[in-house]
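So the chains spell out like this:
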Amino acid sequence: MPTLPKSLFWTRTDTAGCDHARLDDRHGLTGSGVAQAVDPVPYTCRYEVTTDAGWATTDLAVEVSGAGWFRSVHLERSADRWRITTAEQGDLDAALVAAGHQPAGLPGTDDPDRLAPAVDVDLGAAPLFNSLPVRRLGLLDAEPGTERRISVAWVLVPSLLVVPAEQVYTALGSQRVRYASEGFTADLDLDPDGYVRHYPGLAELAGPGAGAGRPR
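Please read all numbers here as calculations on a predicted model, not as lab measurements.

Definitions and cut-offs
- Residues numbered from 1 in each chain as written.
- Predicted model: local features only at pLDDT ≥ 70, side-chain atom pairs only at ≥ 80, totals over all residues.
- Heavy atoms only, no water.
- 1 Å grid on protein atoms, 1.4 Å probe; cavity = no way out; pocket = protein on both sides within 12 Å on 5 of 7 lines; lining within 4 Å.
- Points joined across faces, edges and corners; volume = space filled by probe spheres on them.
- Helix = DSSP H or I, 4+ residues; strand = E, 2+ residues; numbered from the N terminus.
- Nonpolar A, V, L, I, M, F, W, Y, C, P; charged D, E, K, R; others polar.
- Core = buried A, V, L, I, M, F, W, Y, C linked by side-chain atoms within 4.5 Å.
- Buried < 20%, exposed > 50% of the residue type's maximum accessible area, 1.4 Å probe, protein only.
- Contact = heavy atoms within 4.5 Å.
- Pairing = 2+ DSSP bridges.
- Salt bridge = Lys/Arg side-chain N within 4 Å of Asp/Glu carboxyl O.

Draft legend 1. Looking closely at empty space enclosed by the protein. Across all of its chains, the model carries one cavity of 30 Å³ or more by this definition. In this structure, the largest cavity occupies an estimated 60 Å³ of space. Looking at the largest cavity, it is lined by 13 residues, and the ones nearest its centre are Ala-35, Tyr-43, Cys-45, Gly-124 and Ala-125. Of all the secondary structure elements, the ones that give two or more residues to the lining of the largest cavity are β3 (30–37) and β4 (43–51). The class makeup of the residues in the lining of the largest cavity is ten nonpolar, two polar and one charged.

Draft legend 2. Structural detail: the nonpolar core. Core analysis: the biggest nonpolar cluster contains 55 residues, and Tyr-47, Leu-60, Val-62, Leu-75, Leu-128 and Phe-129 have the highest contact counts within it. If we ignore the near neighbours within four places in the chain, the residues touching Val-62 are Cys-45, Arg-46, Tyr-47, Arg-71, Ser-72, Val-73, Leu-123 and Leu-160.

Draft legend 3. Quick look at the pairing of strand β5 (residues 57–66). For β4 and β5, the ladder comprises eight bridges, and the chain directions are antiparallel. The residue of β5 that forms the bridge with Arg-46 is Glu-63. Connecting the antiparallel pair β4 and β5 is a turn made up of five residues, with Trp-55 showing a positive phi of about 75°. Counting the residues between successive antiparallel strands, the hairpin from β5 to strand β6 (residues 69–78) contains two residues, one of them, Gly-68, with a positive phi of roughly 85°.

Draft legend 4. Examining the layout of surface pockets more closely. In this structure, the largest pocket spans a volume of roughly 480 Å³. Forming the boundary of the largest pocket are 25 residues, of which Gly-124, Ala-125, Trp-154, Tyr-199 and Leu-202 lie nearest the centre. Residue classes in the lining of the largest pocket are distributed as 14 nonpolar, six polar and five charged.

Draft legend 5. Quick look at the pattern of salt bridges. Tallied over the full model, the rule gives twelve salt bridges. The partner of Arg-26 in a salt bridge is Asp-24, and the shortest N-O contact between them spans 2.6 Å. Taking the relative accessible area as the measure of exposure, Asp-24 reaches 17% and is therefore buried. Asp-187 serves as the salt-bridge partner of Arg-176, at 3.8 Å between the closest nitrogen and oxygen. Residue Arg-176 is found in strand β11 (residues 176–181), and its partner Asp-187 is found in strand β12 (residues 184–190); the two are separated by eleven residues along the sequence. Judged by relative accessible area, Asp-187 falls into the partly exposed class, the value being 22%.

Draft legend 6. Summary view of the side chain of Asp-25. With respect to the helices and strands, the residue Asp-25 is situated in the loop between β2 (17–24) and β3. By relative accessible area, Asp-25 is classed as buried at 12%. With residues up to four places along the chain from it excluded, the contact list for Asp-25 reads Lys-6, Trp-55, Arg-135 and Tyr-195.

Dropping the structure here:
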C-alpha cells in the first residue's frame, strides 16, 4: 500500500479498542486500516478497501487474527457480481466458546449471488465504511429528509462471515445522517468530508479538531 495523504483515528466507546485508517479520497477512495478490540475476544483487524471514482466499492481485503487463530476474506466486484475468497488457520470458534460466546461458523458466504444487489460494503465496527454510501449518494449536502435504501455486503468481525443486509441512510442536515438497519438506528455526526466524528454507542473520532462541529 503506497503512502496515503489522510489519517483518521477512532476510539471505541462500546469496548476497549480503536481504529486507525489511512486514505486517499481524491478520486474515489483508496484506504487501509487497523482496528483492534477486546470483544468478543481480543483481535486485530487489518483491511484495505478500494472504490471507483463514484465511491462504489470494487475491492475489500480483510485479515483478522487473535490468540491461536487467523482469518481472511477478499471481496472483488466485477460485472455486478462479487467474487469471494477466504482462508482460515487455527480455531476462532474454540476461542469464542472458551470466552462464553457462540461459535461464529465459517468466514465468507456459501452463496455469493445473494450479494449481487450490493454496491457498498460494510465492515463491522469500522466507521470509515459508513462514509462510502454517504459520499456515493451525496447525502452530506442533501436536503434534510432525503432517504436512500441500499443493499450492502456486510462483513462481520471477527468471524468474517459475509451476509447481505438492507440499510437506510437519511440526511438530517448540519453534517448529520441517520443510519438504520434491522431495527438498529444511530444518528451519525460527520466532518465536512463525510467521515464519522461521532457514532453513538460505538466510536468517537480522536485527534486535533475531532470534536469541531459536534452538536451540543
